[in-house]
There are 4 protein chains.
Amino acid sequence: MAKIPVGVLGATGTVGQRFVQLLAVHPWFEVVAVTGSERTVGRPYREGVNWVIGGSVPDTVADLIVQPTEPTLEIGGTPPVVFSALPTADARELEPVFAAAGYAVVTNASAYRMMDNVPLLIPEINPDHTGLIAAQQAANNWPGFIVASPNCSTTSAILPMKVFQDAFGLEAAIIITLQALSGAGYPGVSSMDILDNVVPYIGGEDVKLENEPKKLLGAFQNGALAMADMRISAQANRVPVLDGHLASVSVKLGQPATAEEAIAALQNWQPPQICRELPTSPQNLLVYRPEPDRPQPRLDRDTSDGLAWTVGKVRACHVMDIRYMAITHNTLRGAASGSILNAELLAVQGYIR
Amino acid sequence: MAKIPVGVLGATGTVGQRFVQLLAVHPWFEVVAVTGSERTVGRPYREGVNWVIGGSVPDTVADLIVQPTEPTLEIGGTPPVVFSALPTADARELEPVFAAAGYAVVTNASAYRMMDNVPLLIPEINPDHTGLIAAQQAANNWPGFIVASPNCSTTSAILPMKVFQDAFGLEAAIIITLQALSGAGYPGVSSMDILDNVVPYIGGEDVKLENEPKKLLGAFQNGALAMADMRISAQANRVPVLDGHLASVSVKLGQPATAEEAIAALQNWQPPQICRELPTSPQNLLVYRPEPDRPQPRLDRDTSDGLAWTVGKVRACHVMDIRYMAITHNTLRGAASGSILNAELLAVQGYIR
Amino acid sequence: MAKIPVGVLGATGTVGQRFVQLLAVHPWFEVVAVTGSERTVGRPYREGVNWVIGGSVPDTVADLIVQPTEPTLEIGGTPPVVFSALPTADARELEPVFAAAGYAVVTNASAYRMMDNVPLLIPEINPDHTGLIAAQQAANNWPGFIVASPNCSTTSAILPMKVFQDAFGLEAAIIITLQALSGAGYPGVSSMDILDNVVPYIGGEDVKLENEPKKLLGAFQNGALAMADMRISAQANRVPVLDGHLASVSVKLGQPATAEEAIAALQNWQPPQICRELPTSPQNLLVYRPEPDRPQPRLDRDTSDGLAWTVGKVRACHVMDIRYMAITHNTLRGAASGSILNAELLAVQGYIR
Amino acid sequence: MAKIPVGVLGATGTVGQRFVQLLAVHPWFEVVAVTGSERTVGRPYREGVNWVIGGSVPDTVADLIVQPTEPTLEIGGTPPVVFSALPTADARELEPVFAAAGYAVVTNASAYRMMDNVPLLIPEINPDHTGLIAAQQAANNWPGFIVASPNCSTTSAILPMKVFQDAFGLEAAIIITLQALSGAGYPGVSSMDILDNVVPYIGGEDVKLENEPKKLLGAFQNGALAMADMRISAQANRVPVLDGHLASVSVKLGQPATAEEAIAALQNWQPPQICRELPTSPQNLLVYRPEPDRPQPRLDRDTSDGLAWTVGKVRACHVMDIRYMAITHNTLRGAASGSILNAELLAVQGYIR
């Protein structure tokens, strides 16, 4: 079967590199175009990129000529698909331009996550939200569309919230994150700031953590999205860890549950049927660890090739109802792989081909 | 004025070393006796100790002969005073023996913190709790007594809780700590476990964090202690930081308060009058930092020579009422210096001389 | 083809765990017996081991009952083969006992590395040194024998020394190592000692670095080994890196060479023909990196599944002749995998079957 | 006695901040002018600076208005004195302009370190090299002059080299450094590059390490400098340490010496008499540590307030003659404090007042 051709916008940054690396071995997609900043345009990708993510530039992409980020990319496909790894400001300006020009924009950027009718997607959580695409196209008069993946910190906390919402209802959450350095890109956090230290601040992150779950956990009904009705308070911290965002969460449930019931809910939960068709969705999606000292970033971030949620410390909360800790790999599940999963969902649902 | 002679029990461990270091330059106290394990008994302290805390063995203590930890220490003083840096199991066995033999035991160990009538003390928070000593002596038929300082993690979170309790009432708290390596002693945490990692577990710590504040914030009335009536949920994490415990806390207040009111309460709060007489109690006890990225362990742990609470990120909590972050130096304010402050309080109140 | 059955002595320690992990997927060998300390004897391996090396206990070994380290192990094979991951003192006592009882002891321990007629082996460097086995058996009247792999720090520096010895002659070397934490086992180095620090001392390591290369680079002639005639000065340092030993080496050659000639020698060097038959010997054995900032432990330690030498910074030395830096993965190439390679060599040469 | 007024060029960078911090409490000097980049000119220093070095902006400097780096600064003094913390390119352009305009430029920048007749100074090592100032002024027709302090990596290795040169003669040195993050300024090294890693490259550092010692150890004779005749080979590495450069050095001596003789030379060496008059030169300048695991960056960098050399591991080298390890605090002895010492020397020698 022929692969679906795709482009990568902002392919020379760290998230872009991760897209290129993962797509180079993807069973369904094939990178045929890459875009980059003015400095790199016109050069072979191999030369334009400062490859920092480990391994080496995939051969299949190395000789592509970096193009400007303009909606004149010749990609093929129906509609033509672009993964966006653009910086926020560029994403804000350019993603609508691509959607208006008929491209399917599968973005990892934050610019349009909370925009009306843009699906904020994790296929294992809310695959039906792609139903918003029709309304998005109608409202904006776009032949193309935008779908977004959530912030990497939101991702780390969200799956158990979904499970508990399904099982017991979910009214409130206090989320404290311990986030990895790679979440800030490269060069990102100065070593002078973080060695022998913790920084209790990541610009904009608390707001994302407090809003995005309400959209992800919202209900798609009658062609529109009803945000989940819950209160969230979040505090993001940077810790000296290379990869893996750890979230410590206390939740107030709609109906009471014991720790045992919460654990059972986690262990019994199954992702939507459609996820079995997505090649990147792992068999072990939610790994519950009973040990008192798990999850840990270094030990658990690579579970299921960085695509699982590892969850532990599920206990009664003496103030709210239940508390837990969860970890995901922030540059895989929480970024590039997450967007690739979104594209796989779009393919299965027939939005792209 | 002659100094009060004191002994240090368990003087060769890391907490014991810190006692020795701090007491060597103390204006009121003078170390005249040190005890240690069987391996070190009979040797000069200089030789028995494996000094790991930086600097060097104080000259005034270096030649003291390490004695066994038995209540036959000749110290002088009325009553004779011993600081206890004993491991928990030893403390459980030996501290009552010393109290029964007439010694004032000023302990940093956890064994008797929650025992009836043992004051769990931070002079700036509950200096009146020493009133429990009489009941303790009566109940146990001890001529001596025990006073305890709280766990270093409790310490990091507690002062703003006290301020808010005074100002608004305090009904509940969710406490997440990011704790330093030195809290585990030496050799403590293996480098293989913590480099590029976070460990979400410290044995026994959550329970201490959930109980000790209720005693510290309790009311001494009619010769007895009424524990504070509040719910606390705690999650302790170990992070790769050398010193300084950081606490992220959300609180439910007795009456609502805005962030501005909470900040004003912190800025206006004054420790009890008696603290002005304690040489170790710093002038800048509660340092409020308005910057969004403070407090940080490395930048703030040494404030006021490691004796201050640095507090920041005071904000409305969307789930409870107010949240904040606070840091203290875990081996100074949270351990040795805390116990020394307790002894200073006992001296001012006339319990020791 | 039936696999060769093997035992692992000291299988519950960190090196033993690595043996078990690697042998569980080995094409030629199969673990049929494991030994451990008194505490673990009689229990299933799964229960006796505190598995700390990542991943999980292989199913094929999990249910083996831990046996005492005595030469009554029933292994099968001709002769029966044991991999030794024993602590030094145990190795010193027990390895000769096993050799005397007819076992082939393939050891990673240091006890007999420098003993007369014990081959100190890296198959890609000195496969002919197994010729010493006959003399070893004769001298000790052993039906079995011992072969040893070198210290992990020696390993990191040695391959370019071999290349330069072959190409130009080698008269002297100054070796400075920057060694990883995992080299000290578990719990090994205290986090309190190494965070934000370097420790310029690893007990016994300098002597090993100064002696083992002379044996590895010695000549097997007429049934005996002539140690290489060279002077070596070594300084081992511990750095806060999880895995990967980095060596900075200056060498004095037998005949002068430019940096270009040295690089060419590295690039043209081929391991002995027999290594092509060893399944663990990687195709890319010696990776030369021309970038000025390579090799780096985190980026290069996993090259060729942790079995390669990555070499860079090959330059003229203004004091000696040539200098370079090299890295190997200390727990793979430098320990367990190195010994497994030795066993593969023994199998190809017919010493075990 | 009135203080000597001074200016600080490039006062808003990290080295500039350190100058400001140290000079604020200096007994002889007083900062009366600060310069900065275009962005900061015209603003109070307190506002223009992003203070990152710990503590807070000294009150005495906080309200100075940042001026452009032009030789119209009104400072007073004879000649007017400026400390230069300029980036290299700016230093290359501007320092001669200041010297030509009559200023005494005491620089920490590298631009003119190796220029003919510019003294490269460490007062405890070569105070007589200020004799070059006359030739410098004559050759360039400058009423002012430039004196420079060496690179922080050179500084870490140099004092034992001087001692051995004095005692035995010095013919060659191989220097391997393990350098701290703060040497790269702020933000400097990305945390993504250095956590769990070592980077064997610091741009330009090897060349500085190979040249500067020859000038520092050269002889001032007949109004000119004869560079020391020695061969040096250097390899600079970056390690995840906040402060403190560690050097591992092997030296070839003019006449043989045992380790004991080398240690005795270190212990008996006295700095030049004039250093007793310099308030920043510490009483304990060269601290010899006999322990096998010293010096260590974290434990030894603050010795004598960061102004000492701590030296250990003095042993016979099997390849050259003697080897040792030494550490200095790179931002104090190796940078700002070093330049302040140079100014103190100039004051005592009458070059400034």
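Residues numbered from 1 in each chain as written. Chains lettered and ligands numbered in written order. Predicted model: local features only at pLDDT ≥ 70, side-chain atom pairs only at ≥ 80, totals over all residues.

1. A closer look at the overall build of chain A
Helix and strand content of chain A: 11 helices and 13 strands. Here chain A has a C-alpha radius of gyration of 20 Å; the compact-globule value for 353 residues is 20 Å, and the two agree. When its C-alpha atoms are laid out on the principal axes, chain A stretches across 60 × 50 × 35 Å. In chain A, which comprises 353 residues, the share counted as buried stands at 59%. A sequence separation of at least 24 residues applies to 74% of the contacts in chain A between residues at least 6 apart. (Helix = DSSP H or I, 4+ residues; strand = E, 2+ residues; numbered from the N terminus. Rg over C-alpha atoms; globule rule 2.2 N^0.38 Å. Buried ≥ 20, exposed ≤ 12 C-beta atoms within 10 Å, placed from the backbone. Contact = placed C-beta atoms within 7 Å.)

2. A closer look at the sheet that holds strand β2 (residues 29-34) of chain C
Residue and element names in this part refer to chain C. The strand order across the open sheet formed by 5 strands is β2-β1-β3-β4-β5, and the pairing between neighbours is parallel. Of all the strands in the sheet, just β2 and β5 (145-148) have a single pairing partner and so form its edges. Between one strand axis and the next, the sheet turns by 30° as a mean value, whatever way the strands run. For strand β3 (residues 81-84) and strand β4 (residues 104-107), the ladder comprises 4 bridges, and the chain directions are parallel. Following the sheet pairing, Val81 is matched in β4 by Ala104. The strands touched by helix α4 (residues 88-100) are β3, β4 and β5; relative to β4, the strand with the most contacts, the crossing angle is about 150°. (Pairing = 2+ DSSP bridges. Axes fitted to C-alpha atoms, helices over the stretch in contact; angles between N-to-C directions.)

3. Some words on the interface of chain B and chain C
With 14 residues of chain B at the interface, the matching set in chain C holds 14 residues. Among the residues forming the side of chain B that touches chain C, the class breakdown is 9 nonpolar, 4 polar and 1 charged. (Nonpolar A, V, L, I, M, F, W, Y, C, P; charged D, E, K, R; others polar.)

4. Regarding the relation of the copies chain B and chain C
Least-squares fitting of chain B to chain C yields an RMSD of 0.0 Å, with the superposition described by an axial translation of 0.1 Å and a rotation of 180°. On this basis, the relationship between the two copies can be described by a two-fold rotation axis. Closest to the rotation axis within chain B is the C-alpha of B:Ser191, separated from it by 2.0 Å. A high fraction, 100%, of the interface residues of chain B reappear at the interface in chain C, so the copies pair face to face through one surface. (Least-squares fit on C-alpha atoms with pLDDT ≥ 70 in both.)

5. Thoughts on the environment of B:Arg18
Residues and elements named next belong to chain B. You can see Arg18 is positioned in helix α1 (residues 14-23). Sequence separation between Arg18 and Ser37 is 19 residues, and the spatial gap between their C-alpha atoms is 17 Å. Excluding anything up to four places from it in sequence, Arg18 contacts Ile53, Thr331, Ala335 and Ala336.

6. So, the packing of helix α6 (residues 152-168) of chain C against helix α9 (residues 259-268) of chain C
Residue and element names in this part refer to chain C. For the pair α6 and α9, interaxial distance at closest approach is 10 Å and the crossing angle is 110°. With respect to α9, the element α6 is oriented roughly perpendicular. Each of Pro160, Val163, Phe164 and Ala167 in α6 lies in contact with α9, whose residues at this interface are Ala262, Ala265 and Leu266. Its residues placed into classes, the contact of α6 with α9 shows 7 nonpolar, no polar and no charged. (Parallel < 35°, antiparallel > 145°, perpendicular 65-115°, else oblique.)

7. Digging into unusual backbone geometry
In this structure, the amide linkage connecting A:Thr78 to the following residue, A:Pro79, adopts the cis form with an omega of -10°. Looking at where A:Pro79 falls in the secondary structure, it is placed in the loop between α3 (59-62) and β3 (81-84). Non-glycine residue B:Asn222 carries a positive phi angle of around 55°. Note that B:Asn222 resides in the loop between β7 (219-221) and β8 (224-226). Here B:Asn222 falls in the exposed class, since 8 other C-beta atoms lie within 10 Å of it. Located in the positive-phi region is D:Ser304, a residue other than glycine, with phi close to 50°. Inspection of the secondary structure assignment puts D:Ser304 in the loop between α10 (297-300) and β12 (309-316).

8. Points about the domain arrangement of chain A
All names here are of chain A. Assigned domains of chain A: these are domain 1 (4-151 + 335-348) and domain 2 (152-329). Computed from C-alpha atoms alone, the centre-to-centre distance between domain 1 and domain 2 is 24 Å. Those elements giving two or more residues to the side of domain 1 that touches domain 2 turn out to be α5 (132-140) and α11 (332-348). Of all the elements, α11 adds the most residues to the side of domain 1 that touches domain 2, at 8 residues. Of the residues belonging to the side of domain 1 that touches domain 2, the class tally is 18 nonpolar, 9 polar and 4 charged. (Domains from an automatic or database assignment.)

9. Let's talk about the interface of chain A and chain B
Each side of the interface is counted separately: chain A has 34 residues, and chain B has 34 residues. Listing elements by their share of the side of chain A that touches chain B, those giving two or more residues are β6 (170-179), β9 (231-238), β10 (245-253), α10 (297-300) and β13 (322-328) of chain A. The element contributing the most residues to the side of chain A that touches chain B is β9(A), with 5 residues. Looking at the side of chain A that touches chain B residue by residue, the classes come out as 19 nonpolar, 8 polar and 7 charged.

10. Describing the sheet that holds strand β5 (residues 145-148) of chain B
What links the strands of a sheet is backbone hydrogen bonding, and the strands pair in either a parallel or an antiparallel sense. Residue and element names in this part refer to chain B. Strand order in this open sheet of 5 strands is β2-β1-β3-β4-β5, and the pairing throughout is parallel. The open sheet terminates on both sides in strands that have one partner only, identified here as β2 (29-34) and β5. The mean angle between the axes of side-by-side strands here comes to 30°, regardless of whether they run parallel or antiparallel. Sitting on the sheet, helix α4 (residues 88-100) touches β3 (81-84), β4 (104-107) and β5, and the angle it makes with β4 is about 150°.

11. Comments concerning the pairing of strand β3 (residues 81-84) of chain D
Residues and elements named next belong to chain D. Of the two faces of β3, the one carrying Val81 and Phe83 and the one carrying Val82 and Ser84 are both buried. Of the strand pairs in this sheet, strand β1 (residues 4-9) and β3 are connected by 4 bridges, and their pairing is parallel. Each bridged residue has a counterpart across the sheet, and for Leu9 the counterpart in β3 is Ser84. In terms of handedness, the path from β3 via helix α4 (residues 88-100) over to strand β4 (residues 104-107) forms a crossover that is right-handed. (Right-handed = clockwise from strand over helix to strand, strands pointing away.)

12. Overview of helix α8 (residues 205-216) of chain D
Residues and elements named next belong to chain D. For α8, with 12 residues, the first-to-last C-alpha span of 16 Å sits near the 16 Å given by 1.5 Å per residue. Those residues of α8 lying buried are Glu205, Asp206, Lys208, Leu209, Glu212, Pro213, Lys215 and Leu216. Elements that come into contact with the buried residues of α8 comprise α6 (152-168), β6 (170-179) and β9 (231-238). (Expected span 1.5 Å × (residues − 1).)

13. Comments concerning the relation of the copies chain A and chain B
Here the two chain copies are tied together by a rotation about an axis and a shift along that axis. Taken as rigid bodies, chain A and chain B are interconverted by a rotation of 180° and an axial shift of 0.0 Å, the fit giving an RMSD of 0.0 Å. A high fraction, 100%, of the interface residues of chain A reappear at the interface in chain B, so the copies pair face to face through one surface.

14. Section: the environment of C:Ser281
All names here are of chain C. Within the secondary structure, Ser281 sits in the loop between α9 and β11 (286-289). With 20 C-beta atoms counted inside 10 Å, the residue Ser281 sits in the buried group. With 56 residues separating them along the chain, Ser281 and Ser337 place their C-alpha atoms 9.3 Å apart.

15. Describing the confidence of the model for chain A
Confidence along chain A averages 97 in pLDDT terms, with 100% of residues attaining 70 or more. Both scores are given for the predicted complex: the pTM is 0.96, the ipTM 0.95. (pLDDT = per-residue confidence, 0-100.)

16. A closer look at the environment of D:Ser153
Residues and elements named next belong to chain D. Looking at the secondary structure, you find Ser153 in helix α6. A sequence separation of 181 residues divides Ser153 from Gly334, and the C-alpha atoms of the two residues are 7.3 Å apart. Excluding its chain neighbours within four sequence positions, the residues that come into contact with Ser153 are Thr177, Gln179, Glu205, Lys208, Leu209, Ala236 and His245.

17. Here's the deal with the packing of helix α6 (residues 152-168) of chain A against α11(A)
Residues and elements named next belong to chain A. Two numbers describe how α6 lies on α11: the axes approach to 8 Å, and their chain directions differ by 100°. One element, α6, and the other, α11, form an angle in the roughly perpendicular class. Taken together, the residues of α11 that come into contact with α6 (itself represented by Cys152, Thr155 and Ser156) are Arg333, Gly334, Ala335 and Gly338. Classifying every residue of the contact of α6 with α11 by side-chain character gives 2 nonpolar, 4 polar and 1 charged.

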